Amino acid sequence: MCSRSVPPSMREVTSMTVEEPLARLDQAAWEDLVARFGGRMWAVARALGLGPADAADAVQGAWLRMVENLDAIRDPERIGAWLVTTTRHEALRLSRRRRGEVAAGHELPDAVLPDPAAAVVDADFGRHAWQRLESLGEPCRSLLRLSVLRPEATYAQIAIRLDISPGSIGPTRARCMSRLRGLLEESA
Amino acid sequence: MRDEYLLAALRLAAGADPVPGRVGADARAAFHLRLPGGVVAAPVEVRGPAGARSGDGTRGAPEDDGPGMHRFSVAGLTIDVEAVIADGILEVAGQVSPAPGPGAAWQAEIRTSHVSKTRDLSENGRFAVGGLPTGWVSVVCHRPGEPPVSTRWLHVRS
């Protein structure tokens, strides 16, 4: 990842060191992990459209996966990415169950591999992304604002708010996200 | 760059949705749910007859959480867990096999994020606990002289 995409505070996610093996973490070190990464985990669960109760379950699920994998996590320097990635897995599983979809089998490995892409889940990068988002034209600017700030809003609610057809929201949002990603890559 | 990660970064920067206090408190409390020296039993897909309280005998895939029958296995020990939600309360029953037999003093500890209850296993390995909160649950089998064996955490909410 380029240097602009990884601001200093975010590098904590990928370069944080835990001096003791994970299995020997004490209460203070654990609470430090909660303080560092709890907000990022919550933001990911909510960004996937989960309501507060389900998002709370997804985040707690990730912490419990860490509890049961303390001996198996071999790369403490990437524990932040592991926690964010695991939150995403748990949130997606909850979301699928809420939609009545049956799991396809071994979707979640015993120990989730940390996704390097999780490093962008950072407030500094978010501020940079907001600057780019505000430079988009309409309806992208308003649609993405709503996607960020009201992830649980229905297509019907968004359609009324932005005066566009509900059927066009999904494709339009995908196009707008693609444009935003393009702007971020250009500025990297 | 995944859309959800980008949206999450934007949400963090907006600061409009802070982590609820109880979410942080539960995360901090999860530290006490570690099981030093323990062994984690992985979920196993099973097809078989209905359990004592299940309906049609169908059992989910290993990753299919929720109420119903679930089997976990590791190193020759199998823990069957049946989770039922009645009036918003979680009831957990199950069986450890092979069975401990008479006088073995095996125990089953049923843990949630907030409550833990321990039961002596019957000679045939059965256990049952009611009055639990819904949400995440795990069963730990304690055997004298052996490392504790816990099921992976299972999400059970209606």
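Quantities reported herein were computed from a predicted structural model and do not represent experimental measurements.

Looking at this structure, how should I read the overall build of chain B?
Assigned secondary structure in chain B consists of 2 helices and 10 strands. What you see in chain B, going N to C, is helices and strands ordered as α-α-β-β-β-β-β-β-β-β-β-β. Here chain B holds 158 residues, and the buried ones make up 46% of them. Pairs at least 24 residues apart make up 52% of the contacts formed inside chain B by residues separated by at least 6 positions. For chain B, the exposed area adds up to about 6800 Å²; of that, 51% sits on carbon and sulfur atoms.

Looking at this model, I keep getting lost on the nonpolar core. Mind explaining?
Soluble globular proteins: nonpolar side chains tend toward being buried together. Core analysis: the biggest nonpolar cluster contains 34 residues, and Leu144(A), Ile158(A), Leu180(A), Tyr5(B), Leu6(B) and Leu10(B) have the highest contact counts within it. Of all the elements, helix H1 (residues 3–14) of chain B adds the most residues to this core, at 6 residues. Of the domains in this structure, domain 1 (8–120) and domain 2 (123–186) of chain A are the two that each give at least three residues to this core. If we ignore the near neighbours within four places in the chain, the residues touching Tyr5(B) are Val44(A), Val84(A), Thr85(A), Arg88(A), Asp115(A), Ala117(A), Ala118(A), Val120(A) and Val121(A). Listed in part, the 32 residues of the second largest apolar core include Leu33(A), Ala56(A), Ala62(A) and Met66(A).

Would you explain the state of the cysteines in this entry?
Each disulfide is one covalent bond, formed between the sulfur atoms of two cysteines. Residue and element names in this part refer to chain A. In total, this model carries 1 disulfide over all chains according to the counting rule given. The disulfide that involves cysteine 140 links it to cysteine 176, with 2.1 Å between the sulfurs. Where cysteine 140 bonds to cysteine 176 through sulfur, the torsion about that S-S bond is close to -80°, and the disulfide is left-handed. On the criterion of sequence distance, the pair formed by cysteine 140 in helix H6 (residues 140–149) and cysteine 176 in helix H8 (residues 166–186) is long-range, its members being 36 residues apart. Taking the relative accessible area as the measure of exposure, cysteine 176 reaches 0% and is therefore buried.

Could you clarify how one ought to interpret the interface of chain A and chain B in this entry?
Quite often, the size of an interface is put as the accessible area lost when its parts meet. Listed by partner, the interface residues are 66 residues for chain A and 46 residues for chain B. In total, about 5100 Å² of surface goes out of reach between chain A and chain B, with carbon and sulfur atoms giving 63% of it. Looking at the side of chain A facing chain B, the largest losses of area belong to Trp42(A), Leu64(A) and Arg97(A), adding up to 12% of the total buried there. Put simply, chain A and chain B have 6 salt bridges between them. With a closest N to O distance of 3.0 Å, Asp115(A) and Arg2(B) form a salt bridge. Applying the counting criterion to the chain A and chain B interface returns 18 residue pairs in polar contact (both at pLDDT 80 or more).

Explanation requested: unusual backbone geometry in the structure shown.
Negative phi is the rule for most residues except glycine; trans is the rule for most peptide bonds. For the peptide bond that leads from Glu138(A) to Pro139(A), omega is 5°, which places it in the cis range. Tracing the chain through its elements places Pro139(A) in the loop between helix H5 (123–134) and H6. Following Ser97(B), the chain continues into Pro98(B) via a peptide bond in cis, with omega recorded as 5°. One can find Pro98(B) in the loop between strand E4 (89–97) and strand E5 (107–112). Positive phi, normally seen in glycine, also occurs at Ala75(B), with a value near 45°. Within the element layout of this structure, Ala75(B) appears in the loop between strand E2 (68–74) and strand E3 (77–86). Even without a glycine there, the phi angle at Ala105(B) is positive, about 60°. Along the chain, the position of Ala105(B) falls in the loop between E4 and E5.

Sorry, what's going on with the packing of aromatic side chains here?
Where two aromatic rings form a pair, the distance of their centres and the angle of their planes describe that pair. As enumerated under the stated definition, the model contains 2 aromatic pairs over all chains in all. Residues Trp30(A) and Trp63(A) carry aromatic rings whose centres are separated by 5.5 Å and whose planes lie at 50° to one another, so their mutual orientation is tilted. Linking Trp30(A) in helix H2 (residues 27–47) with Trp63(A) in helix H3 (residues 52–68), this pair joins segments that are 33 residues apart in sequence. Judged by relative accessible area, which is 0%, Trp30(A) ranks as buried. Consider the rings of Trp30(A) and Phe31(B), whose centres lie 5.8 Å apart with planes at 55°: the pair is tilted. One end of the pair, Trp30(A), is in helix H2; the other, Phe31(B), is in the loop between helix H2 (21–29) and strand E1 (39–44), on a second chain.

How should I be thinking about the environment of Asp71(A) in this particular structure?
All names here are of chain A. Mapped onto the fold, aspartate 71 is located in the loop between H3 and helix H4 (79–98). The class for aspartate 71 is partly exposed, based on a relative accessible area of 48%. Each C-alpha atom, one on aspartate 71 and one on arginine 24, is 9.2 Å from the other, the two residues being 47 residues apart in sequence.

Sorry, what's going on with the pairing of strand E6 (residues 116–120) of chain B here?
Regular strands have side chains that alternate between both faces of the sheet. All names here are of chain B. Sheet analysis places E5 next to E6, joined by 5 bridges and oriented antiparallel. From the neighbouring strand, glutamine 107 faces E6, where its bridge partner is aspartate 120. Taking the residues that link successive antiparallel strands as the turn, the E5-E6 hairpin has 3 residues.

Looking at this structure, I do not really get the packing of H2(A) against H4(A). What am I missing?
Helix-helix packing is described using two parameters, namely the angle between the two axes and the distance between the axes. Residue and element names in this part refer to chain A. With their axes 9 Å apart at the nearest point, H2 and H4 run at an angle of 35° to one another. Taken as a pair, H2 and H4 cross one another with a handedness that is right-handed. In contact with Leu33, Phe37, Arg40, Met41, Val44 and Ala45 of H2, H4 contributes Ile79, Gly80, Leu83, Val84, Thr87, Arg88 and Ala91. Partitioned by chemical class, the residues of the contact of H2 with H4 number 9 nonpolar, 2 polar and 2 charged.

Thresholds applied
- Residues numbered from 1 in each chain as written.
- Chains lettered and ligands numbered in written order.
- Predicted model: local features only at pLDDT ≥ 70, side-chain atom pairs only at ≥ 80, totals over all residues.
- Heavy atoms only, no water.
- Helix = DSSP H or I, 4+ residues; strand = E, 2+ residues; numbered from the N terminus.
- Buried < 20%, exposed > 50% of the residue type's maximum accessible area, 1.4 Å probe, protein only.
- Contact = heavy atoms within 4.5 Å.
- Areas by Shrake-Rupley, 256 points an atom, 1.4 Å probe, with all protein chains shown as cover.
- Core = buried A, V, L, I, M, F, W, Y, C linked by side-chain atoms within 4.5 Å.
- Domains from an automatic or database assignment.
- Disulfide = S-S within 2.5 Å.
- Buried area = accessible area lost by both parts, 1.4 Å probe.
- Salt bridge = Lys/Arg side-chain N within 4 Å of Asp/Glu carboxyl O.
- Polar contact = N/O pair within 3.5 Å; in protein donor to acceptor, adjacent residues only side chain to side chain.
- Phe/Tyr/Trp six-rings, centres within 6.5 Å; stacked < 30°, edge-to-face > 60°.
- Pairing = 2+ DSSP bridges.
- Axes fitted to C-alpha atoms, helices over the stretch in contact; angles between N-to-C directions.
- Left-handed = near helix turned anticlockwise from the far one by under 90°.
- Nonpolar A, V, L, I, M, F, W, Y, C, P; charged D, E, K, R; others polar.

From the geometry alone we can't say anything about function, so treat these as descriptive.
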